[in-house]
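Below, each chain spelled out in residue letters.
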Amino acid sequence: MTRRPQQTATTAEPVSGDAAHRRELLREMVRVRRFEERCVELYSAAKIRGFLHLYIGEEAVAVGVCQALTPADSIVSTYREHGHALARGVGMDSLMAEMYGKVTGCSGGRGGSMHLFDVSHRFYGGNAIVGGGLPLAAGLALADRMRGTSGVTACFFGDGAVAEGEFHECMNLAALWDLPLLFCCENNLYAMGTALDRAQAETDLAARAGSYGMVAWAVDGMDVIAVEHAARRGAGAVRAGGGPHFLELRTYRFRAHSMYDPDRYRDKSEVERWKTRDPIDALAAQLKQHNEITDDDLEAIENEIAAEITDAIEAAEAAAIEPVEDLTRFVYSPRPS
Amino acid sequence: MTARAAASGAGARPATARTTKAAEASAAGSGQQVTYREAMREALREALIRDERVFIMGEDIGRYGGCYAVTLGLLEEFGPGRIRDTPLSESAFVGAGIGAALAGMRPIVEIMTVNFSLLALDQILNNAATLLHMSGGQLNVPLVIRMTTGAGRQVAAQHSHSLEGWYAHIPGLRIVAPATLADARGMLWTALEDPDPVLIFEHGALYNMPGLLDPAAGPADIDTAAVRRPGRDLTIVAYGGTLAKALTAADQLSADGVAAEVIDLRTLRPLDDATILESVRRTHRVVIVDEGWRSGSLSAEVCARITEQAFYDLDAPVERVCTAEVPIPYAQHLEEAALPQPAGIVAAARRAAG
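Residues numbered from 1 in each chain as written. Chains lettered and ligands numbered in written order. Predicted model: local features only at pLDDT ≥ 70, side-chain atom pairs only at ≥ 80, totals over all residues.

Caption draft 1: How the structure looks around the overall build of chain B. What chain B contains, in helices and strands, is 15 helices and 14 strands. Taken against the 2.2 N^0.38 rule, which gives 20 Å for 354 residues, the C-alpha radius of gyration of chain B at 20 Å falls within 12% of a compact globule. C-alpha atoms of chain B, sized along the principal axes, occupy 65 × 45 × 40 Å. Split into buried and exposed, the 354 residues of chain B put 56% on the buried side. A sequence separation of at least 24 residues applies to 80% of the contacts in chain B between residues at least 6 apart. (Helix = DSSP H or I, 4+ residues; strand = E, 2+ residues; numbered from the N terminus. Rg over C-alpha atoms; globule rule 2.2 N^0.38 Å. Buried ≥ 20, exposed ≤ 12 C-beta atoms within 10 Å, placed from the backbone. Contact = placed C-beta atoms within 7 Å.)

Have a look at this one:
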C-alpha cells in the first residue's frame, strides 16, 4: 500500500454554492447557537439536568463538515454533539424532547444531551467516552468498504481523544485497511480543563495523524467556509477511494466545559480574544460586506429560529414521559418465542 | 432426610432434563469423531457459507491459523476480505465489530483470551451492551465475540483467568459457555441470529476434547441450562471447563451410592433459573462449581438465586467449589491446587449430603 505523506491545503477549490448557500451556513450556525443558549436557560430552570456540554464557539465545524455529507453517509459524534445533530438534520423537536427526558426524544429519554441518536439520519450518537466513538466509526466504514458502497463515515472527536489508545488503534486500522473515514478532530485546545500543551508532547495533531500514512491537514475551524471547503475536499477524496483523511479543525469553546465547570484553568483574556473570531459574527460581517445579507434578513433568520425553538420547547413540555413500567425495554431485543 | 424431602418423591426423574443431539449420537455410538476445536471451526465455516454478511476478525486468525488453531484454513477458503487479521488493537477491532454490526453486518470477533478482552472492555460495556437502550431501541448490535477463558495449561496469571462472570454482570449482553461438542457446533449460529451482542466463552482446556458429533448437528439454543446427568440426591451446577470435572465427581459419588444430578448452565446470562430450581426442589442439596474466584462470582449469583427462590427446599447449606483467590500460578502443582478439581467437588457433595 502506498503511504501518503501529510499534505497541506494548497489548492483552493471553489466552495459550491452562492450567496444563498452562504446565508444558509450562517442560518445553521445561528440555529445551533440559539438552541444552546435556550438550553442554558432551561438548565437554570431545572428543565434540563445531567451534563450539558455546549458547542458555543465551535458551530462552524459541525455546520461546515455536514455540508460535505450525503444522506448515505454516517456520523459518529461526541458528548458535545448538539451542533452535529442539528447540522445533520436531526429534528430540533426530538432533540429538545431528549433534553427534557421525554419519550418523544430522539433517544426516547434514555440518552439525554450526551447520547443523541437518530438512525434515520445515520447519526450514530453521542459517545461520552472520549475516543470511544472512533472504533464504531471504523466499523461503520468497514461495512461500507466491504459492501462497496460510496458511503463515508465522518467521525467527530476532540483533541483530548488524541491522548487515548483507542485513537491510535483506530488511526492505524483505518489507514491499514483504507477505510472510508473522515476523521474530524475538533481541536478546541482543552481536554476539559487540561490544555493541549499540558497533555501532548507533540501538539501538531495533523502531523501526528500524517504519521499514520493518511492525508491530514489543519483547518481554521472558526471559518465555516474554510471548513466546508476542507470537508468537501476530504470527503470527496475518501469517497473516491483515497482512504481515510484527517482534518484538524482548530476551534475554541467560548463557554465552560460543562454546566459544572467554574472555568478556572484559562484566562478570561484568552476567551475574549477568541470571541473576536466568533464564526457567526465573522460570516455575518463577510456577507454584509459583500451585500449578500441585510439587517432585515438577519432579523428574519433570528425570528424563524426563535419560533422553531419555542415550538420545540412547547412540544417537549407537552410530551409524555416513558412509563416506568417500560424501564427495562431495549436492554434486549424482543426474541421470537 | 427431612420429611419434606421424603414427601417430595425423591428419585423422580427430572421432567425437564434436556439432552443434546450429540449426546444422543454419542450414546448410540454414531456420529463423527471430532474435537471441540473442529466442531467450532465447522460452525464458523457454516456461518461463513450461509450468510455473506458474516466475517471474522481478530489477532492471528488468518495466516497464523488462530492462536488455538480454531480458524485454521478459513483464510484459504474464504479469503482475506472475510477472514481479517487485525493489529494488536483489541479496542479498535472489537469496536469495529460493533460499528459493522450497526451497519447490518454479522461480524464474529475473536479475542485471544479473556484477559486480553479487558483492553476492549470499554467497547463491550459502554457500546455493545449499551447502545440499544441508550438509543431508545434504535441501534441493534448483532455482534458475536468469541474468546478463550480458563486455566489448566500452565500459562500463568495473564492468560488463565475466568472472567466470564464479570461479563455476566452486564445487562445487554448474552453470555454463553459451550461445554460440549454439540454446543461448540451449535451455539454460534444461534448467537449470530440474535439481534443483540453475544459473547462465547470457550474454555482453553476443551479444544482438544474428542468425541462423537452427529454430522447433521444443528443450531443449539442459547437460552437454557441442560441436565447432563440425572440424579436424585444432590445437584451439581457447573459450566464450561468445569462440566467434565463435575461429571467425573458424579461418577465417583455414584460408586458411593450418591446419585448426583449435573446441570450445565450453558448460558451464563440470562441464567436459566427454572432448570436450576426444578432440580434443587427435587434434590434439596446443591454444589456449585465455578472456575471464577468465589468473591462476587457467578457461583455467588447462582447461590443467591437458589436461596431467594428455593430456600425452604434446601436440606443443607449451598456448597461452592471455586478457584482459590490467587492469580493463577504457573507451576503445575500450584495451578492444580488453585482450580476446582473432582476431589474437591466430591468432598463438597459429601458435606452437602450430610
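Structure shown, so let's carry the discussion forward.
Caption draft 2: Representation of the overall build of chain A. Along the backbone of chain A there are twelve helices and eight strands. Along the first, second and third principal axes, the C-alpha set of chain A runs to 65 × 55 × 40 Å. By sequence separation, contacts in chain A at least 24 residues apart represent 76% of the contacts at least 6 residues apart.

Caption draft 3: Molecular detail of the environment of Glu-169 of chain A. Its location among the elements puts Glu-169 of chain A in helix α6 (residues 165-176). The buried category is assigned to Glu-169 of chain A, around which 26 C-beta atoms lie within 10 Å. The sequence separation of Glu-169 of chain A and Leu-134 of chain A amounts to 35 residues, and the corresponding C-alpha distance is 9.1 Å. Excluding residues within four positions of it along the chain, Glu-169 of chain A makes contact with Ser-89, Ser-91 and Ala-92 of chain B.

Caption draft 4: Broad picture of the packing of helix α5 (residues 133-147) of chain A against α6 of chain A. All names here are of chain A. At a minimum axis separation of 9 Å, α5 and α6 run at an interaxial angle of 15°. Comparing the axis directions of α5 and α6 gives the class roughly parallel. Seen along the crossing, α5 lies across α6 with a hand that is left-handed. Residue-level inspection shows Leu-134, Pro-135, Ala-138 and Ala-141 of α5 in contact with α6, the latter providing Glu-166, Phe-167, Cys-170, Leu-173 and Ala-174. Taken together, the residues of the contact of α5 with α6 break down into eight nonpolar, no polar and one charged. (Axes fitted to C-alpha atoms, helices over the stretch in contact; angles between N-to-C directions. Parallel < 35°, antiparallel > 145°, perpendicular 65-115°, else oblique. Left-handed = near helix turned anticlockwise from the far one by under 90°. Nonpolar A, V, L, I, M, F, W, Y, C, P; charged D, E, K, R; others polar.)

Caption draft 5: Examining the environment of Met-29 of chain A more closely. All names here are of chain A. You can see Met-29 is positioned in helix α1 (residues 19-44). Between the alpha carbons of Met-29 and Asn-127 there is a distance of 22 Å; along the sequence they are 98 residues apart. Those residues in contact with Met-29, other than ones at most four positions away along the chain, are Glu-59, Ala-60, Val-63, Val-224, Pro-279, Ile-280 and Leu-283.

Caption draft 6: How the structure looks around the domain arrangement of chain B. Residue and element names in this part refer to chain B. Looking at the assigned domains, one finds that chain B contains domain 1 (3-18 + 224-353) and domain 2 (30-213). Of note, the centres of domain 1 and domain 2, computed from C-alpha atoms alone, are 27 Å apart. Contacts between domain 1 and domain 2 engage 22 residues on the former and 24 residues on the latter. Every element with two or more residues in the side of domain 1 that touches domain 2 is listed here: β12 (267-269), β13 (286-293) and α14 (332-338). Per-element tally for the side of domain 1 that touches domain 2: the top contributor is β12, with three residues. Each residue belonging to the side of domain 1 that touches domain 2 can be placed in one class, and the counts come to ten nonpolar, seven polar and five charged. (Domains from an automatic or database assignment.)

Caption draft 7: Main features of the interface of chain B and chain A. Taken together, the contact between chain B and chain A spans 34 residues of the former and 32 residues of the latter. Breaking the side of chain B that touches chain A down by element, the ones donating at least two residues are α5 (90-102), α7 (121-128) and α8 (131-134) of chain B. With eleven residues, the top contributor of residues to the side of chain B that touches chain A is α5 of chain B.

Caption draft 8: Geometry of the sheet that holds β13 of chain B. All names here are of chain B. As summarised here, the arrangement of the five strands in space is β9-β11-β10-β13-β14, forming an open sheet in which the pairing is mixed. The two strands at the open ends of the sheet, each matched to only one other strand, are β9 (226-229) and β14 (319-323). With strand direction ignored, the average angle separating the axes of adjacent strands in the sheet is 25°. In the packing of helix α11 (residues 243-255) onto the sheet, the strands contacted are β9, β10 (234-238), β11 (260-264) and β13, and the crossing angle to β11 comes to about 175°. (Pairing = 2+ DSSP bridges.)

Caption draft 9: Structural view of the pairing of β14 of chain B. Residue and element names in this part refer to chain B. Across the five residues of β14, four count as buried, placing the element largely inside the fold. Relative to β14, β13 is paired through five bridges, and the arrangement is parallel. Each residue of the ladder has a partner; that of Trp-293, found in β14, is Thr-323. Traced from β13 through helix α13 (residues 298-310) to β14, the parallel crossover comes out right-handed. (Right-handed = clockwise from strand over helix to strand, strands pointing away.)

Caption draft 10: Representation of the nonpolar core. Membership of the largest hydrophobic core comes to 203 residues, with the highest contact counts inside it found for Ala-138 of chain A together with Ile-236, Val-287 and Ala-349 of chain B. Domain assignment of the residues forming this core places at least three in each of domain 1 (3-18 + 224-353) and domain 2 (30-213) of chain B. What Ala-138 of chain A contacts, discounting residues up to four positions off in sequence, is Cys-170, Leu-173, Ala-174, Leu-179 and Leu-181 of chain A together with Ala-92, Gly-95, Ala-96 and Gly-99 of chain B. (Core = buried A, V, L, I, M, F, W, Y, C linked by C-beta atoms within 7 Å.)

Caption draft 11: Region of the structure containing the pairing of β13 of chain B. Residues and elements named next belong to chain B. Most of β13 is tucked away: eight of the eight residues are buried. Bridge analysis of β10 against β13 gives three bridges, and the strand direction is parallel. Bridging across to β13, Thr-235 finds its partner in Val-286.

Caption draft 12: Layout of the sheet that holds strand β2 (residues 54-58) of chain B. All names here are of chain B. The seven strands are arranged β3-β2-β4-β5-β7-β6-β12 in an open sheet whose pairing can be described as mixed. Edge strands, defined here as strands with exactly one partner in the open sheet, are β3 (83-85) and β12. For this sheet, the mean inter-axis angle between neighbouring strands, taken without regard to orientation, is 20°. Pairing of β2 with strand β4 (residues 106-113) involves five bridges; the strand directions are parallel. Bridging from a neighbouring strand, Ile-56 pairs with Ile-108 of β4. Lying over the sheet, helix α10 (residues 181-193) contacts β2, β4, β5 (144-149), β6 (174-176) and β7 (198-203), oriented at roughly 165° with respect to β7.

Caption draft 13: Geometry of the confidence of the model for chain A. Taken residue by residue, chain A gives an average pLDDT of 94. The fraction at 70 or more is 95%. Segment residues 1-16 of chain A: pLDDT under 50, and 19 contacts once partners within four positions in sequence are set aside and those in other chains are kept. (pLDDT = per-residue confidence, 0-100.)

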